[in-house]
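Structure at a glance
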Amino acid sequence: MRAATPTISDSLDILHTTVHLEITDYAGKTINGYAELEVQAKVDGMDLLPLDLMTLTVDSVWMDGVSTAFTHAGELLSIPLTPAMNTGDTRTFRIFYGGEPDQDASWGGWYWSGDYSYQMGVGFDADPHNFGRIWFPCFDNFIERSSFTFEIITPSGYKAFCGGTLESESDNGDGTTTWIWQLPQPIPSYLASVAVSTYSTVAWQHTGIASDYPVQLGVKPSDSTKMKNSFINLDAAIEAFENAYGPYRWDRVGFTVVPFFGGAMEHATNIAYPSFAVDNTLTWETLYAHELSHMWWGDLITCSDQSEMWLNEGWASFSEYLFTEALYGRKAYEDMVKEQHLEIIHYGFARDGGNYFPLAEMPHEYTYGFTTYTRGAMTVHNLRGYMGDELFFSCITEFLDEYAFQPVTSEQFRDHLSECSGIDMTPFFDGWIFQAGTPAVEVDYFSYTADDLGICIEQKLNHAPDYFTNYPIEVSLVDKQGHTLYAETVHANGPNDEVHINAPALDSFYVVLDRNNLIADAVTADEIFLTT
Ligand SMILES: [Zn+2]
């Protein structure tokens with residue numbers, strides 16, 4: 001049984017969540033404490049507060065300071081509301097609970113390892129993937145957002161890193177320390193976080209485009225030099241994403257090292273980062289760039305539903321290209337696009353069980369699959385080519401600002417881009433986002449007379465049900481040395497489309513389609529040469 005159908009968030013709003021936990025029982029692997037939820041009714045007559053909480057045992061529930069009845073069956077914690085709550089009513093619920101938090105069968109949940117105790121906020125096998133409910137009661141969906149206070153009690157000599165800013169650290173005089181973190185920005189449950197170990201903090205101040213804010217990296221003292229050397233380009237990454245996506249909207253940039261085997265997790269301002277990637281080299285820098293970019297794509301705006309995970313992961317994967325471009329130049333970006341494009345064409349679909357899925361309708365089993373990440377990233381690259389850099393960057397920045405701290409859908413994104421750019425984005429989204437497969441375009445034949453070049457462009461479909469419309473193709477006329485003599489973007493429709501170019505008078509030239517690889521399609525050849 002589940003509470004967190006996204007529709008619960010239409011009726012009740014969790015304004016603030018305090019998670020107060022003792023994380024000291026490394027031998028028994030249990031956590032104990034309470035959560036306090038400030039809940040407001042959005043409709044009249046609410047007589048039940050349903051919350052998601054799995055595995056853990058609830059001891060008691062208090063409503064506005066008075067003990068109240070509850071039932072906890074499976075993952076559903078039900079608290080009857082007597083009297084009922086009406087629109088605007090706000091009540092505080094304190095839920096005491098404890099036990100051994102769950103771990104996902106393949107990826108995510110709670111981990112105990114040596115002196116580390118930490119969680120990863122999604123479960124790859126879990127449905128829904130949100131994994132707030134393994135450590136505190138919540139509406140575990142992608143819609144609900146609340147601000148957070150984390151009050152974490154650790155053994156002395158240990159430190160708790162959570163989302164937000166460290167407000168206080170106090171020695172309890174009994175061999176434990178309490179760490180209080182405040183996160184004023186509202187986040188979904190799966191982006192809340194805690195990691196405990198014998199951490200030190202590597203810190204500096206970053207000068208952002210709108211404000212200055214701290215960078216804090218949680219790492220064991222013995223690894224702090226390796227951490228600094230691995231993260232040498234973190235400031236450059238922050239700068240690249242602020243330039244591309246707008247100002248950083250959180251109070252700190254945070255990464256905390258955990259001994260996790262399978263990647264990182266973009267907890268808001270407190271990214272869980274795997275120790276294997278803290279190796280004194282730049283090998284893994286696209287990994288931290290990916291995670292950092294989630295502070296815009298995933299954390300600032302969040303996919304409304306897991307089937308649209310491309311909005312989080314496709315964009316974070318595209319951000320790896322963008323980071324590469326900012327640091328190493330356009331050529332490095334293009335090389336990365338080409339390499340990944342070939343991988344998609346040759347192996348991509350096999351990696352998702354041989355299936356072709358629309359990006360916006362990903363089945364649960366493949367939420368975190370190759371299509372979401374890599375084809376998602378390539379589709380964003382194509383969107384960039386489709387819109388052109390100026391409109392692309394200004395409109396996505398405006399979109400992130402408009403929908404900051406909200407869930408979004410692909411349709412909302414499409415409509416916003418159309419409105420902002422003046423380009424009807426329906427053909428692009430219908431072709432690349434809402435249907436499976438990819439197109440491939442080739443020159444079928446062409447004719448050339450003085451100042452008119454007619455080209456028949458043939459479109460072939462690779463597992464896509466419908467032909468792509470308004471398909472932009474840059475046509476370049478190139479001399480034998482490879483210099484571009486003339487270039488023009490045409491828009492093709494349907495299986496065969498004759499387009500005309502106002503070509504200058506030229507003696508001889510080659511015709512090259514999409515020379516700059518602005519739209520990665522199913523053609524893997526770098527260039528198609530045709531002579532007059
Ligand atoms: Zn990611």
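Computed from a prediction, not measured in an experiment: that's the story for all the values here.

What counts, and where the lines are drawn
Residues numbered from 1 in each chain as written. Predicted model: local features only at pLDDT ≥ 70, side-chain atom pairs only at ≥ 80, totals over all residues. Heavy atoms only, no water. Pairing = 2+ DSSP bridges. Helix = DSSP H or I, 4+ residues; strand = E, 2+ residues; numbered from the N terminus. Axes fitted to C-alpha atoms, helices over the stretch in contact; angles between N-to-C directions. Domains from an automatic or database assignment. Buried area = accessible area lost by both parts, 1.4 Å probe. Salt bridge = Lys/Arg side-chain N within 4 Å of Asp/Glu carboxyl O. Polar contact = N/O pair within 3.5 Å; in protein donor to acceptor, adjacent residues only side chain to side chain. Expected span 1.5 Å × (residues − 1). Buried < 20%, exposed > 50% of the residue type's maximum accessible area, 1.4 Å probe, protein only. Contact = heavy atoms within 4.5 Å. Donors = N, O, S within 2.8 Å, 3.2 Å for Na, K, Ca; no water. Lys, Arg positive; Asp, Glu negative; His and termini not counted. Parallel < 35°, antiparallel > 145°, perpendicular 65-115°, else oblique. Left-handed = near helix turned anticlockwise from the far one by under 90°. Nonpolar A, V, L, I, M, F, W, Y, C, P; charged D, E, K, R; others polar. Core = buried A, V, L, I, M, F, W, Y, C linked by side-chain atoms within 4.5 Å.

Section: the sheet that holds strand β16 (residues 200-207)
Pairing is mixed across the open sheet formed by four strands, whose spatial order is β16-β17-β18-β19. Both outer strands of the open sheet, β16 and β19 (271-274), are each paired with one neighbouring strand and no more. Across the sheet, the axes of successive neighbouring strands diverge by a mean angle of 20°, strand direction being ignored. Pairing analysis gives eight bridges linking β16 to strand β17 (residues 212-219), with the strands arranged antiparallel. Bridging from a neighbouring strand, Gln205 pairs with Pro214 of β17.

Side note on the sheet that holds strand β23 (residues 452-462)
With antiparallel pairing, the three strands of this open sheet are ordered in space as β22-β23-β26. Pairing within the sheet leaves two strands with one partner each, and these edge strands are β22 (438-449) and β26 (496-501). Mean inter-strand twist for the sheet, computed between neighbouring axes without regard to direction, equals 25°. Across six bridges, β23 lies against β26 in antiparallel orientation. Residue pairing for β26: Ile457 is matched across the bridge by Asp497.

Some points on the domain arrangement of the protein
Domain boundaries in the protein define domain 1 (1-198), domain 2 (200-282), domain 3 (301-433) and domain 4 (438-513). Here the C-alpha centre of domain 4 lies 25 Å away from the C-alpha centre of domain 3. Both sides of the domain 3 and domain 4 interface together cover about 760 Å² of buried area, and 69% of this is carbon and sulfur. Of all residues in domain 3, the largest losses of buried area upon contact with domain 4 belong to Tyr356, Tyr386 and Trp432, amounting jointly to 59% of the total for that side. Applying the counting criterion to the domain 3 and domain 4 interface returns zero salt bridges. There are two residue pairs in polar contact (both at pLDDT 80 or more) connecting domain 3 and domain 4. At the level of elements, α7 (370-387) and α10 (426-433) are the ones that each hand at least two residues to the side of domain 3 that touches domain 4. With three residues, the top contributor of residues to the side of domain 3 that touches domain 4 is α10.

Overview of helix α9 (residues 410-421)
Because an α-helix packs 3.6 residues into every turn, residues spaced three or four apart end up facing the same way. Compared with an ideal rise of 1.5 Å per residue, which puts twelve residues at 16 Å, α9 spans 16 Å between its outermost C-alpha atoms and is within 8% of the ideal. Of all the positions in α9, only Ser410, Phe413, Arg414, His416, Leu417, Ser418 and Ser421 are classed as buried. In the core, the buried residues of α9 are packed alongside α5 (310-328), α7, α8 (389-402) and α10.

Here we look at the pattern of salt bridges
Using the criterion set out here, one finds 14 salt bridges in the structure. Arg384 is the salt-bridge partner of Glu325, the closest N and O atoms lying 2.9 Å from each other. Of the two residues, Glu325 is situated in helix α5 and Arg384 in helix α7; the sequence distance between them amounts to 59 residues. For Arg384, a relative accessible area of 5% puts it in the buried group. Overlapping salt bridges bring together Glu325, Arg330, Glu334, Arg384 and Asp389 as one network.

Things to note about the coordination of the zinc ion
On the protein side, the zinc ion has His290 (NE2), His294 (NE2) and Glu313 (OE) as donor atoms, found 2.0 to 2.1 Å from it. Assessed through its relative accessible area of 3%, Glu313 is described here as buried.

Concerning the side chain of Lys159
Within the secondary structure, Lys159 is located in strand β12 (residues 159-162). It turns out Lys159 is buried and unbridged, and the closest side chain with the opposite charge, Glu169, is 6.2 Å from it. At 2.7 Å, the side chain of Lys159 and the side chain of Thr201 are in polar contact. Once residues lying within four places of it in the same chain are set aside, the contact partners of Lys159 are Thr154, Leu166, Trp179, Ala195, Val196, Ser197, Tyr199 and Thr201.

Observations concerning the packing of helix α3 (residues 234-245) against α5
In a pair of packed helices, the angle between the axes and the distance between the axes together describe the arrangement. Contact pair α3 / α5: the axes reach a minimum separation of 10 Å and the direction vectors enclose 110°. The angle between α3 and α5 falls in the class roughly perpendicular. The handedness of the crossing between α3 and α5 is right-handed. Within the contact between the two elements, α3 uses Ala236, Ala237, Ala240, Phe241, Ala244 and Tyr245 and α5 uses Trp315, Phe318, Ser319, Leu322, Phe323, Ala326 and Leu327. Its residues placed into classes, the contact of α3 with α5 shows twelve nonpolar, one polar and no charged.

A word on the nonpolar core
Counting residues in each nonpolar core, the largest one holds 165 residues, and the members touching the most others are Trp135, Phe255 and Leu292. Top element by residues in this core is α7. It accounts for eight residues. Apart from residues lying up to four places away in sequence, Phe255 is in contact with Gln216, Leu217, Gly218, Met227, Phe231, Leu234, Ile271, Tyr273, Tyr288, Glu291 and Leu292.

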